[in-house]
Protein chains: 2
Amino acid sequence: MAEVATARRSRITPEREAELYAAVLELLREVGYDALTMDAVAARTKSSKATLYRQWGGKAELVVKALKSQKHVVSLSDGDVDTGSLRGDFHAIVRRGDDCDLEQNSALMRGLAMAMHGNPDLLRAFREMIIEPELQEMRLVLRRAVDRGEIRPDNPAMDYVLHMMIGGFAARTMIDEQPPTQAFLTSYIDAVILPALGA
Amino acid sequence: MAEVATARRSRITPEREAELYAAVLELLREVGYDALTMDAVAARTKSSKATLYRQWGGKAELVVKALKSQKHVVSLSDGDVDTGSLRGDFHAIVRRGDDCDLEQNSALMRGLAMAMHGNPDLLRAFREMIIEPELQEMRLVLRRAVDRGEIRPDNPAMDYVLHMMIGGFAARTMIDEQPPTQAFLTSYIDAVILPALGA
């Protein structure tokens, strides 16, 4: 049975998967998480609901996987960055997304952050598939900075780098009525995150 | 005509106003901003829609006023704080709300932040009535710290105190799966905000 499932699973090509994720994100932008149904995804992508459930387990997992398939989801993560300095690493992380990605992601993330409140399965999937990998990359970048002697190993701000980053990202529209651009995030890192880390 | 409007306006007592705001927040928690109607507010509070529109102008203004009527909306603002040190001022600001307020506000604010995306009038009312006063209080607290010589007048982190604060407040649930308590916000201020300010 397991073999059959694996065989079926492997029938979805990377191209088909990308197509499917694009359709999910499109639907998400159109109707939001709560109104998005597996029926609608099946209809839009001409797949069967059984396939969707077998492949992804449920709506929360499918949506978060689709989000994760985009580069630069929360302007962080995805691949290793090692420029030789903490400032260089942070700037490289921000430069991975272009401004258009950042703005689109900002809107999607706001919508999902809201939906997470009433959907514990979405919060769980989001934490597992997006927050945890971000935190892990952040820890790696910080550990290297500690090893280089750039920051003290007991600096308490190390636990809050992602909080600060999300603050800059999420509050930009509300406070300054401007989208979070690369230029803004870069100057925010220099003004706030590096000084808080004592770097 | 203006006099008549003023006379009418003054008929609403502070008690009645408080009752009305409580009903609006209750409805907001039940159905969310988009599904909240002036009809529902009128029915729940036994007032006429004409009175609501005359008094508040519209749904966005009414909702933001109701939110503002609560103490400690985003854990900041409302009255002057002057303890003699920047750290003391920040801690006093956080202590104005109890943990229960903080958690309730956190949920309400997440909902509204989402709704702001599709409702420019809500974003405008929120900025005017909540963000702007917060920024003004923040600027006052920071100016005093500069005058006391605690922070340098050209520190670029001064423009981002509210971004950092909102980051701690909003990302706490998502990253740490815990509500933003007074204890957390106090240690976040010490670990992140004061060091970023060089204080």
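Residues numbered from 1 in each chain as written. Chains lettered and ligands numbered in written order. Predicted model: local features only at pLDDT ≥ 70, side-chain atom pairs only at ≥ 80, totals over all residues. Heavy atoms only, no water.

### Some words on the overall build of chain A
In terms of regular secondary structure, chain A is built from 10 helices and 0 strands. Here chain A, with 199 residues, has 49% of them falling under the buried criterion. Considering only intrachain contacts with a sequence separation of at least 6, the fraction spanning at least 24 residues in chain A is 70%. Averaged over its 25 positive side-chain charges, chain A has a centre that lies 5 Å from the centre of its 29 negative ones. (Helix = DSSP H or I, 4+ residues; strand = E, 2+ residues; numbered from the N terminus. Buried < 20%, exposed > 50% of the residue type's maximum accessible area, 1.4 Å probe, protein only. Contact = heavy atoms within 4.5 Å. Lys, Arg positive; Asp, Glu negative; His and termini not counted. Charge placed at Lys NZ, Arg CZ, Asp CG, Glu CD.)

### Some thoughts on the packing of aromatic side chains
Applying the stated criterion across every chain yields a total of 8 aromatic pairs over all chains. Ring geometry for Tyr 188 of chain A against Tyr 160 of chain B: centres 5.3 Å apart, planes inclined by 70°, an arrangement best described as edge-to-face. Note that Tyr 188 of chain A is positioned in helix 10 (residues 182-196) and Tyr 160 of chain B in the loop between helix 8 (120-147) and helix 9 (161-176), a pairing that runs across two chains. For the pair formed by Tyr 188 of chain A and Tyr 160 of chain B, the shared burial category is buried. An aromatic cluster of at least three residues, connected via ring pairs, comprises Tyr 160 of chain A together with Phe 184 and Tyr 188 of chain B. Residue placement shows Lys 59 of chain A over the ring face of Tyr 33 of chain A; its charged tip is 4.2 Å from the ring centre. (Phe/Tyr/Trp six-rings, centres within 6.5 Å; stacked < 30°, edge-to-face > 60°. Lys NZ or Arg CZ within 6 Å of the ring centre and 35° of its normal.)

### Regarding the side chain of Arg 144 of chain A
Residue and element names in this part refer to chain A. Mapping Arg 144 onto the fold places it in helix 8 (residues 120-147). Arg 144 gets classed as buried once you look at its relative accessible area, which sits at 17%. Among the polar contacts listed, one links the side chain of Arg 144 to the side chain of Asp 89, at a separation of 3.4 Å. (Polar contact = N/O pair within 3.5 Å; in protein donor to acceptor, adjacent residues only side chain to side chain.)

### What to know about the side chain of Asn 119 of chain A
With respect to the helices, strands and loops of the structure, Asn 119 of chain A is situated in the loop between helix 7 (99-118) and helix 8. Apart from residues lying up to four places away in sequence, Asn 119 of chain A is in contact with Tyr 33 and Asp 34 of chain A.

### Some words on the domain arrangement of chain A
Residue and element names in this part refer to chain A. As assigned here, chain A comprises domain 1 (2-68) and domain 2 (72-197). Centre-to-centre separation of domain 1 and domain 2, based on C-alpha positions: 27 Å. If you look at the interface, domain 1 gives 12 residues, while domain 2 gives 14 residues. Together, the buried faces of domain 1 and domain 2 total about 1200 Å²; carbon and sulfur atoms form 77% of this surface. On the domain 1 side of the interface with domain 2, the three residues burying the most area are Tyr 33, Val 64 and Leu 67, jointly 47% of the side's total. Taken together, domain 1 and domain 2 are joined by 0 salt bridges. (Domains from an automatic or database assignment. Buried area = accessible area lost by both parts, 1.4 Å probe. Salt bridge = Lys/Arg side-chain N within 4 Å of Asp/Glu carboxyl O.)

### Let's talk about the interface of chain A and chain B
Listed per partner, the contact involves 34 residues of chain A and 34 residues of chain B. Across the chain A to chain B interface the summed buried area is about 3000 Å²; carbon plus sulfur atoms make up 74%. When residues of chain A are sorted by the area they lose upon contact with chain B, His 163, Met 174 and Ile 175 of chain A head the list and together hold 25% of the total. At the junction of chain A with chain B, the criterion picks out 2 salt bridges. At the junction of chain A and chain B, the tally comes to 8 residue pairs in polar contact (both at pLDDT 80 or more). Among the elements of the structure, helix 7, helix 8, helix 9 (161-176) and helix 10 of chain A are those that each provide at least two residues to the side of chain A that touches chain B. Tallying contributions element by element places helix 9 of chain A first for the side of chain A that touches chain B, with 11 residues.

### Things to note about the packing of helix 3 (residues 38-45) of chain B against helix 4 (residues 49-56) of chain B
Residues and elements named next belong to chain B. The contact between helix 3 and helix 4 brings their axes to 9 Å, and the two run at 110°. Here helix 3 lies roughly perpendicular to helix 4, going by the angle between them. In contact with Met 38, Asp 39, Val 41 and Ala 42 of helix 3, helix 4 contributes Lys 49, Leu 52 and Tyr 53. Classifying every residue of the contact of helix 3 with helix 4 gives 5 nonpolar, no polar and 2 charged. (Axes fitted to C-alpha atoms, helices over the stretch in contact; angles between N-to-C directions. Parallel < 35°, antiparallel > 145°, perpendicular 65-115°, else oblique. Nonpolar A, V, L, I, M, F, W, Y, C, P; charged D, E, K, R; others polar.)

### Quick notes on the relation of the copies chain A and chain B
Of the two same-sequence chains, chain A is brought onto chain B (RMSD 0.0 Å, axial shift 0.0 Å) by a rotation of 180°. Here the two chains are linked by the operation of a two-fold rotation axis. Proximity to the rotation axis, assessed at the C-alpha, singles out Gly 167 of chain A in chain A; its C-alpha lies 1.7 Å from the axis. When the interface residues of chain A are mapped onto chain B, 100% of them again fall at the interface, so both copies present the same face. (Least-squares fit on C-alpha atoms with pLDDT ≥ 70 in both.)

### Considerations on the pattern of salt bridges
Residues and elements named next belong to chain A. Inspection of the entire model under this criterion finds 24 salt bridges over all chains. With a closest N to O distance of 2.8 Å, Arg 87 and Asp 190 form a salt bridge. Note that Arg 87 is positioned in helix 6 (residues 86-95) and Asp 190 in helix 10, a separation of 103 residues in sequence. Ionic contacts of the salt-bridge type, sharing partners, join the residues Glu 26, Glu 30 and Arg 44 into one network.

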